Amino acid sequence: MTDPLLAPDEPPPFLGENLDGKSAFVLVCEHGGRRLPRALGDLGLDEAARTAHIAVDLGALGLARALAARLDAPLAHQPYSRLVCDCNRRPDVASFIPELGEGLVIPGNQNLQPEEWERRRDAIWRPFHASLAALLERRRLAGLATLLVSIHSFTPVFLGKARPWQAGILFERNRDLAPSLLSLMHTSLGDLVGDNQPYRMSRQDDFTIPVHGEDRGLPCAEIEVRNDQLAEAVGRETWAERLEESLEAAASACGLPLKALPNKKEGILAGRIP
């Protein structure tokens, strides 16, 4: 299939907010959108499925926006459902375009030809990650400190198994920000905060933090919050306040900067993304 996946009037796969924010933190929300390109129709799913957790990290974008506002942090997100393609996966793994969502067959994702994988990758995954990489590189060239944090949510029950954690901190090789954040949140919430729960980060199952964070040597962490905690605005604000305090305390405990201090380097004003 060679027709473009996205029509000219559909939104781009990379959306940035508050890119001039003065925080050292940069937030990413890969699963915050639930939009389907018109070219794919409804993927054979009813509205309930298209708006469920299999399609979008419920409450994650609202939390990310509230946290970005509190921190004065840049936020990168993308509007398309992870059922189209998963922007936190490598494009060569089966879960990149899921055929099932918690046991539910996704008709529009069955028996796809390689050309369709490439079409979705090239229309959404590649520009999203190229734009994120460019944002991080501009900050590096401008001499800006960057602490990369990815915001996700998870369902309270998955395949019939209850998840007791209210939140989880995920990381693989990072040994500063993520472990410090986990320790601080354990102090306040105990076992309600999972250590690489409800998922264990790996390069098979995650892309953003391992590649854009750990491979670049950036302090980084992936944060998962159970979506029933985020269903209402008050819950999202509560978690945004909690994460603001915890992230800043964790960074300070590691001797990491909280602000992207302005300076001039190579003609770029630090703190401003051209």
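Quick note: structure is the one above.
Residues numbered from 1 in each chain as written. Predicted model: local features only at pLDDT ≥ 70, side-chain atom pairs only at ≥ 80, totals over all residues. Heavy atoms only, no water.

Undergrad: Tell me about the environment of H212, and name the residues and values.
TA: Counting through the fold element by element, H212 comes out in helix α5 (residues 208–214). You can call H212 buried: its relative accessible area is 5%. Sequence separation between H212 and A133 is 79 residues; the distance between their C-alpha atoms is 6.9 Å. Dropping the residues within four chain positions of it, H212 is found in contact with H129, L132, A133, L136, L148, F207 and L218. (Helix = DSSP H or I, 4+ residues; strand = E, 2+ residues; numbered from the N terminus. Buried < 20%, exposed > 50% of the residue type's maximum accessible area, 1.4 Å probe, protein only. Contact = heavy atoms within 4.5 Å.)

Undergrad: Tell me about helix α4 (residues 177–189), residues and numbers included.
TA: Spanning 13 residues, α4 covers 18 Å between terminal C-alpha atoms, matching the ideal 18 Å at 1.5 Å per step. All of the buried residues in α4 are L177, A178, S180, L181, L182, M185 and L189. On the buried face of α4, the contacting elements are β2 (25–29), β6 (147–154), β9 (167–170), β10 (193–195), β11 (220–226) and α6 (233–253). Immediately downstream of α4, the backbone of G190 shows phi near 60°, a positive value. (Expected span 1.5 Å × (residues − 1).)

Undergrad: Break down the pattern of salt bridges for me, citing the residues and quoting the values.
TA: For side chains of opposite charge, pairing can occur when their charged atoms come near one another. Under the counting rule described, the total for this entry stands at 18 salt bridges. With its nearest N and O atoms 2.8 Å apart, the salt bridge here joins E116 to R120. Residue E116 and its partner R120 are located together in helix α3 (residues 114–141), separated by four residues, close to a single helical turn. Here E116 matches R120 in class, with each residue buried. Salt-bridge contacts for E214 lead to R203; the nearest nitrogen and oxygen are separated by 3.9 Å. With E214 in helix α5 and R203 in the loop between β10 and α5, this residue pair connects regions lying eleven residues apart in the sequence. Overall, the relative accessible area of 10% leaves E214 in the buried class. (Salt bridge = Lys/Arg side-chain N within 4 Å of Asp/Glu carboxyl O.)

Undergrad: An account of the side chain of T155 is requested, with residue identities and associated values reported.
TA: Looking at where T155 falls in the secondary structure, it is placed in the loop between β6 and β7 (157–158). Beyond its immediate chain neighbours, meaning those up to four positions away, T155 contacts H53, R163, R226 and N227.

Undergrad: Could you give an account of the packing of aromatic side chains, naming the residues involved and the relevant values?
TA: Under the counting rule described, the total for this entry stands at three aromatic pairs. Look at F96 and W117: their rings are 5.8 Å apart centre to centre, the planes differ by 40°, and that puts the pair in the tilted class. Residue F96 is located in the loop between β3 (75–77) and β4 (100–101), and its partner W117 is located in helix α3; the two are separated by 21 residues in the primary sequence. Residue W117 is classed as partly exposed on the basis of its relative accessible area, which comes to 22%. With a centroid separation of 5.0 Å and an interplanar angle of 65°, the aromatic rings of W125 and F207 are classed as edge-to-face. Residue W125 is located in helix α3, and its partner F207 is located in the loop between β10 and α5; the two are separated by 82 residues in the primary sequence. By the burial criterion, W125 is buried, and F207 matches it. (Phe/Tyr/Trp six-rings, centres within 6.5 Å; stacked < 30°, edge-to-face > 60°.)

Purely spatial values, then, with no claim about function.
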